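Observations on chain architecture
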Amino acid sequence: MLADMPTSPRPARAGATGTTPSGGRGDACPGSLRLHRADDGALARIRIPGGVLRPAQAEALLTAARRLGDGELHLTSRGNVQLRGLDEQCGGELAQLLGNAGLLPSATHERVRNIVASPLAGLDGLDGLGGHGSGHGSGHGVRGWLRTLDELLCASDRAAALSGRFLFALDDGRGDVDALRADVTLLAAGTSGRTAADHDGGAGMTATGHDGGAGLRIGDSDDVLLLSRSDDGPRAALLCAETFLDAADLTPEAKVWRVRDLPDTGARLREGTLARLAKAGIPLAGIRQHPRRETATPPPYGIVTPPDPRQTPDPSDPSDPPTPPFPSPSSFPSLLCIPRGPSGPSEAIRPSAPAATSPAALSIGAPLGRLTGPQWERLTSAARKTPDGELRLTPWRGVIVTGVPGDQAGSTLDELAATGLITTADSPWTGVGACIGTPGCAKSAADVRAMAEAVVSWELPSAVGRFTQLPVYWSGCERRCGRPLGDRVDALATPDGSFRVTRVCGDPPPVALGTTVPTDTSAAALAHTVAHARRPR
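So, a few notes on the structure that sits alongside this text. Not measured: the values here are computed from a predicted model.

Here is what the cut-offs are and how they apply
- Residues numbered from 1 in each chain as written.
- Predicted model: local features only at pLDDT ≥ 70, side-chain atom pairs only at ≥ 80, totals over all residues.
- Heavy atoms only, no water.
- Core = buried A, V, L, I, M, F, W, Y, C linked by side-chain atoms within 4.5 Å.
- Buried < 20%, exposed > 50% of the residue type's maximum accessible area, 1.4 Å probe, protein only.
- Helix = DSSP H or I, 4+ residues; strand = E, 2+ residues; numbered from the N terminus.
- Contact = heavy atoms within 4.5 Å.
- Pairing = 2+ DSSP bridges.
- Axes fitted to C-alpha atoms, helices over the stretch in contact; angles between N-to-C directions.
- Parallel < 35°, antiparallel > 145°, perpendicular 65-115°, else oblique.
- Left-handed = near helix turned anticlockwise from the far one by under 90°.
- Phe/Tyr/Trp six-rings, centres within 6.5 Å; stacked < 30°, edge-to-face > 60°.

Okay, the nonpolar core next. Counting 46 residues, the largest nonpolar core has Leu 61 and Trp 376 as its most contacted members. When residues in this core are grouped by element, the largest group, seven residues, is from helix α1 (residues 55–68). Excluding residues that lie within four positions of it along the chain, Trp 376 makes contacts with Leu 53, Ala 58, Glu 59, Leu 61, Leu 62, Leu 73, Leu 75, Val 81, Leu 371, Leu 391 and Leu 393. Within the second largest apolar cluster, 39 residues are counted, among which are Leu 225, Ala 236, Ala 241 and Leu 274.

Here you go:
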């Protein structure tokens, strides 16, 4: 499970202290060494596999942001960190800072370490691999997969040719990162004698290995290859990625960066992967259809607590079924979302704090994915409260802070809220995202972040119950960089100075699906239009 990353830096492979860009398939994705020139200075994108940061690593990133950039840390939709406002000549110093912190284990692979993982794995009792803790040294669950896959990637010369857009996902069984439609996805299978199909009407995944096995999904396919042994998951994922490179080489003239870019969208990739798995001696239990969820659901904001041992199901009792490895939408994490009044949390409705002896975690959101230096310091300080504390950056531009003493969880949440971070579902910032806009991007038609802030500041009756609303994403141009998947409201700046607001999906939408609503650029007009489009139907 997601519990521990090495605190001492691994030796960097050749070239880690230089500024030579890593390899790739011709895409322009920035990295730690390949800086991107933007209107507000150079940009570095630092890959954080699984989004996991030890406090010392988080401090190193803040040092880099303050010494070399604009002093802020920008979260991406893959749980990575971007530094902006950099001098174009700072590559060597940045590489040294990252290397010393263990954030640059391989210069040749720094752009291909794109791995997202279920951020609540091991924290709320829904880890499909059976991991129920977050102690150091754990080799099981998603954390074991994460550590092993990252090491295998960095050790594979062939993998260095992957595009900076190629994505791996490690899903602990709840379906959250599986819904992100990665190129290669590992899914946890159940460890009990009963299978997911016993609980979800046949749509679950069955494995027959001694440890429950694992599932391997390739691209957008509904088919899942059932690995008999969960420990084979990372090696199988790497073999699949290397097989993808062979398939991509057959069309060198095309921009084949991801599985969906293959001429057959990956249909033949499965056969090649099966052959490689057989050659590598990785046994399969079969192939099963398991459609992924249509929408990726981020962790709710609030306090995350471990499951109560007194309520843990008894696997030997047929009347007490365990949580299925692919839970239904009614299976939710144990989150205490504390409603807030004008002056802070309401003591009358605050849930009981976790036991002092039980570590808790906090689920926090970053408005527009941007964290100031003081906010980042406060998050890092919260993670330092116990030796096992860490930060987990989520693909939804949020942060999970682990290892917080149970009796300090409520007060720590209050401290983080005081810095302007999102700590409750009824925050006006819940579900609001935006690209960088002007002045950072020359392609943008407007300062979309300033407009989003202006709209958020308007208090509208229709904004009540924001946790039930569609998310809204503000984009400065037709590329819509960083936009989320799934149902949303699209607010697009146009060259003529106005915004077009579209309900991308929904039944029934306020306007015909696929049409746009032209609006004035005033915050009041936009606030009403966006609020109307976000309302559930």
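In space, the six strands of this open sheet follow the order β6-β7-β8-β9-β10-β11, with mixed pairing throughout. The sheet is open, and its two edges are formed by β6 (115–117) and β11 (284–289), each paired on a single side. Neighbour to neighbour, the strand axes of the sheet diverge by 20° on average, direction disregarded. Bridge count between strand β7 (residues 168–171) and strand β8 (residues 184–188): four bridges; the pairing is parallel. Bridge pairing in β8 links Asp 171 to Leu 187. Lying on the sheet, helix α3 (residues 141–155) is in contact with β6, β7, β8 and β9 (214–218); it crosses β7 at an angle near 160°. In the packing of helix α4 (residues 233–249) onto the sheet, contacts are made with β7, β8, β9 and β10 (223–227), and the angle to β8 comes to roughly 160°.

Take the packing of α4 against helix α5 (residues 267–279) next. Contact pair α4 / α5: the axes reach a minimum separation of 9 Å and the direction vectors enclose 130°. Considering the angle they form, α4 stands oblique to α5. The two elements α4 and α5 cross, and the hand of that crossing is right-handed. Every residue of α5 that contacts α4 at Ala 236, Leu 239, Cys 240, Glu 242, Thr 243, Phe 244 and Asp 246 is listed here: Leu 269, Gly 272, Thr 273, Arg 276 and Leu 277.

Next up on the list: the packing of aromatic side chains. Scanning the model with the defined rule gives three aromatic pairs in all. Ring centres of Phe 166 and Phe 168 lie 5.4 Å apart, and the angle between their planes is 65°; this geometry places the pair in the edge-to-face category. Relative to Phe 244, the ring of Phe 166 has its centre 5.0 Å away and its plane inclined at 40°; by these criteria the two rings are tilted. Taken together, the residues span a long stretch of sequence, with Phe 166 in the loop between α3 and β7 and Phe 244 in helix α4 at a distance of 78 residues. Of the two residues, Phe 166 and Phe 244, both sit in the buried class.

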